[in-house]
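# Examining the three-dimensional arrangement
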Amino acid sequence: MIDTTQHADIVRIIDRNDTSASHAYILENPCDSLLYPSARHPQGKCVACFEMTRLGKMPLSREQFRFVYDKKWIAAKYKAKAES
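Read on for an overview of the structure. A quick note: this is a predicted structure, and the numbers were derived from the prediction, not measured.

### Thoughts on the sheet that holds strand E1 (residues 2-3)
The three strands lie next to each other as E1-E2-E3, forming an open sheet whose pairing is mixed. Two strands bound the open sheet, and with one partner strand each, they are E1 and strand E3 (45-49). Here strand E2 (residues 33-37) pairs with E3 via five bridges, running antiparallel. By the bridge assignment for E3, Leu35 is matched with Val47.

### Some words on the environment of Phe67
Summarising the element assignment, Phe67 is placed in strand E4 (residues 65-69). Taking the C-alpha atoms as reference, Phe67 lies 9.0 Å from Lys79; in sequence the two are twelve residues apart.

### Describing the pattern of salt bridges
Counting across every chain of the model gives one salt bridge. A salt bridge links Arg12 to Asp9, with the nearest nitrogen and oxygen atoms 3.8 Å apart. Looking at Asp9, the relative accessible area reads 37%, which means it is partly exposed.

Rules and cut-offs
Residues numbered from 1 in each chain as written. Predicted model: local features only at pLDDT ≥ 70, side-chain atom pairs only at ≥ 80, totals over all residues. Heavy atoms only, no water. Pairing = 2+ DSSP bridges. Helix = DSSP H or I, 4+ residues; strand = E, 2+ residues; numbered from the N terminus. Salt bridge = Lys/Arg side-chain N within 4 Å of Asp/Glu carboxyl O. Buried < 20%, exposed > 50% of the residue type's maximum accessible area, 1.4 Å probe, protein only.

Shown next, in the form of C-alpha cells:
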C-alpha cells in the first residue's frame, strides 16, 4: 500500500475536477492499494484497493443497487434482484 496522505502534490492528485494528476501518479507508481485523505472528514483517511485479494478475503455482496443517470442527475435508484 502506498500512503499518499503526505505527498507534496496531494491536492492535485485528489482534485475531483481534474484527474490528470491522479492518473499520472498511478501510472508512475503502480500499486495494489493506496491510502489517501478523506474529502468528507479532514482528519480521516480512505483506502483504494485495486486488487481484491489484498483484502485478505473476498467480500460478499449483500445488496446491489442500480442507478439510472440522465446525463446530469441520478434519475432513478432501485435495488437489484439477486443473481443466481
